[in-house]
Amino acid sequence: MSSADPTRRVQLIYGFVLVLCVAQTTWWIVDQARFTTEVREQAEGFLRADVQQARQLLAAGVAPEEVAPSFPELQFRPDGPQIDAAALAKAERRLRRRVVRYGWEGSFFLVVLVIGLIVLLRTLRQRARLLRMQENFVAAVSHELKSPVASIRLTAETLSLRDPPKERRDKLLLRIQEETERLETTTTNLLETRRLEEGGIKHDPQPLDLAEVVERVVDSLRPSFTACGVTIHNGLPKGLVLLGDRTEVQIVVTNLLDNAGKALAKCDGPEVHLAGAREGRYVKLTVSDNGVGFPTSESSRLFVKFYRLGDELRRTSRGVGLGLYLVRSLVEASGGKVSATSEGIGKGATFQVLWPAAQEVAA
Ligand SMILES: Nc1ncnc2c1ncn2[C@@H]1O[C@H](COP(=O)(O)OP(=O)(O)OP(=O)(O)O)[C@@H](O)[C@H]1O
Ligand SMILES: [Mg+2]
């Protein structure tokens, strides 16, 4: 994946066009102001010539009543013909109004142009980001499907050809189980996301005891967590009844635990804490780990589809970036909320899910 912004060239071209437009509009305004000054000076020149002519006619003995109709823009006072100052000021005002109008029209034109450019650039950027994410996604999915299959095949071959001792055999079997879980999580996430986006998910909300659903998921994942030295502290009290779809809640919990497992992969004393409580009209589940954490500023972006922290070329953890997107979509579709917090890299992470409480909904 190239880190260069593919919209860079368009930005430069449009930046250049914008500078040209600003220069052109400024030129129009200056040119109009100059033209106006020229016209005014010319008009004043003509009027002065008229005054001169009228004076000559009067000096030649022509009566003022006969001269006046030929020079309507002059005032004939006892001390001689003069330029009509009021008419001159009126003409000046008219000319100035033109310059101001050009200024406003030019500025408006520029503002529209800048807004148009901003919208265009944003759209291009979004498209480029989407394209990059799709490329990442294809690479990640290929990797996520290929590597567990290869690992399962290799492990199965070792088991069948070498007939290893019990301890080694148990380890190999556990590896097969882990890789199968990994495949299952990936394919479930892919299928559920597709169904969700096609509007094909049929929510079947029912009262569920959170502790019971979580325990099932924890039981299925415990062997692989234990094998990696991760301790799961399940402090969920019984009796927290939420209104949700059983499969969806399972998917949510599985994804949060799967992420915690990945975040704890290289940590000392890895631990996951599960807690639950009633919070207003919600039932709250908290999943915290003391793993790699994430920059605090990333907390809302983690839920964006295909978003994964770090560089995809140096994949530090497996995954395609669908888990948290699915978690948020499913929880919000059932009327709940999700949030993520971390105090920074290396400081662990906490994910919080709120589902509507069953009694509350019934009421
Ligand atoms: N507990 C956690 N601690 C630290 N970072 C986390 C944690 N959970 C998620 N993240 C970060 O959020 C990113 C997105 O998580 P998400 O579950 O959506 O995708 P994924 O786990 O990478 O892939 P997938 O879930 O599709 O297999 C992860 O790549 C990881 O960087
Ligand atoms: Mg995940």
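Structure: above.
Residues numbered from 1 in each chain as written. Chains lettered and ligands numbered in written order. Predicted model: local features only at pLDDT ≥ 70, side-chain atom pairs only at ≥ 80, totals over all residues. Heavy atoms only, no water.

**Q** Can you break down the nonpolar core residue by residue, with the values?
**A** Counting 44 residues, the largest nonpolar core has L210, L257, L285, F351 and W355 as its most contacted members. Elements represented by at least two residues in this core include exactly α5 (210–227), α6 (246–263), β6 (271–279), β7 (282–289), α7 (323–333), β8 (337–341) and β9 (349–356). For this core, the element with the most residues is α5, which contributes 8 residues. If near-sequence neighbours (up to four positions away) are discounted, F351 is found in contact with L256, L285, T286, V287, F294, L302, F303, L324, S339 and A340. Judged by nonpolar contacts, the second largest core, of 8 residues, contains F137, A140, F306 and Y325. (Core = buried A, V, L, I, M, F, W, Y, C linked by side-chain atoms within 4.5 Å. Buried < 20%, exposed > 50% of the residue type's maximum accessible area, 1.4 Å probe, protein only. Helix = DSSP H or I, 4+ residues; strand = E, 2+ residues; numbered from the N terminus. Contact = heavy atoms within 4.5 Å.)

**Q** Residue-level account of the packing of aromatic side chains, with values.
**A** A full pass over the atoms with the stated rule returns 3 aromatic pairs. With a centroid separation of 6.2 Å and an interplanar angle of 55 degrees, the aromatic rings of F294 and F351 are classed as tilted. You can see F294 sitting in the loop between β7 and α7 and its partner F351 sitting in strand β9, a full 57 residues away along the chain. For F351, a relative accessible area of 11% gives the class buried. Relative to F351, the ring of F303 has its centre 6.4 Å away and its plane inclined at 65 degrees; by these criteria the two rings are edge-to-face. Taken together, the residues span a long stretch of sequence, with F303 in the loop between β7 and α7 and F351 in strand β9 at a distance of 48 residues. The same class applies to F303 as to F351, namely buried. Here a set of aromatic residues connected by ring pairs shows up, and it is made of F294, F303 and F351. (Phe/Tyr/Trp six-rings, centres within 6.5 Å; stacked < 30°, edge-to-face > 60°.)

**Q** How would you summarise α5 if you had to cite specific residues and measurements?
**A** Counted at 1.5 Å a residue, the expected span for α5 with its 18 residues is 26 Å, and the 26 Å between its end C-alpha atoms agrees. Its maximal kink placed at L221, α5 deviates by approximately 50 degrees, while the proline P223 follows within four residues. Residues of α5 that are buried: L210, A211, V213, V214, V217, V218, L221, S224 and F225. The N-terminus of α5 is capped by D209, whose side-chain oxygen sits 3.0 Å from the backbone nitrogen of A211. Trailing α5 by a residue or two, G229 shows a phi angle of about 80 degrees, which is positive. (Expected span 1.5 Å × (residues − 1). Bend = angle between axes of the 7 residues up to and from the residue. Polar contact = N/O pair within 3.5 Å; in protein donor to acceptor, adjacent residues only side chain to side chain.)

**Q** So what's going on with empty space enclosed by the protein? Which residues, and what values?
**A** One pass over the structure, following the stated rule, counts 1 cavity of 30 Å³ or more. The space that makes up the largest cavity amounts to roughly 40 Å³. If you go around the largest cavity, the residues you meet are G244, D245, E248, V249, V252, L330, V331, S334 and W355. Of all elements in the fold, only α6 and α7 reach the threshold of two or more residues within the lining of the largest cavity. Broken down by element, the lining of the largest cavity gets its largest block of residues, 3 residues, from α6. Broken down by class, the residue content of the lining of the largest cavity amounts to 5 nonpolar, 2 polar and 2 charged. (1 Å grid on protein atoms, 1.4 Å probe; cavity = no way out; pocket = protein on both sides within 12 Å on 5 of 7 lines; lining within 4 Å. Points joined across faces, edges and corners; volume = space filled by probe spheres on them. Nonpolar A, V, L, I, M, F, W, Y, C, P; charged D, E, K, R; others polar.)

**Q** Can you explain the site of ligand 1? Please cite residues and give values.
**A** Around ligand 1 sit 20 residues in total, of which N259, K262, R308, L322 and L324 are the nearest. At 3.4 Å from an oxygen atom of ligand 1 is found a main-chain nitrogen or oxygen belonging to L309. The backbone of L324 places a nitrogen or oxygen atom 2.8 Å from an oxygen atom of ligand 1. Within the complex, 94% of the 600 Å² of free accessible area of ligand 1 lies under protein. Residue assignment for the shell around ligand 1 shows that the elements contributing at least two residues are α6, α7 and β9. At 4 residues, the largest contribution of residues to the shell around ligand 1 is made by α6. Its residues assigned to classes, the shell around ligand 1 shows 10 nonpolar, 7 polar and 3 charged. (Near = heavy atom within 4 Å. Areas by Shrake-Rupley, 256 points an atom, 1.4 Å probe, with all protein chains shown as cover.)

**Q** Kindly report on helix α3 (residues 85–162), identifying the contributing residues and their values.
**A** With 78 residues, α3 should cover 116 Å at 1.5 Å per step; its first-to-last C-alpha distance of 114 Å lies within 8% of that length. With a side-chain oxygen lying 3.2 Å from the backbone nitrogen of A86, the N-terminal cap of α3 falls on D84.

**Q** I'd like a rundown of the sheet that holds strand β4 (residues 231–235), residues and numbers included.
**A** Strand order across the open sheet formed by 5 strands is β4-β6-β7-β9-β8, with mixed pairing between neighbours. Each edge of the open sheet carries a strand with a single partner, namely β4 and β8. Geometrically, the sheet is characterised by an average inter-axis angle of 15 degrees between neighbouring strands, direction not taken into account. Summarising the sheet, β8 and β9 pair through 5 bridges and their orientation is antiparallel. Pairing of K337 across the sheet is with L354, part of β9. (Pairing = 2+ DSSP bridges. Axes fitted to C-alpha atoms, helices over the stretch in contact; angles between N-to-C directions.)

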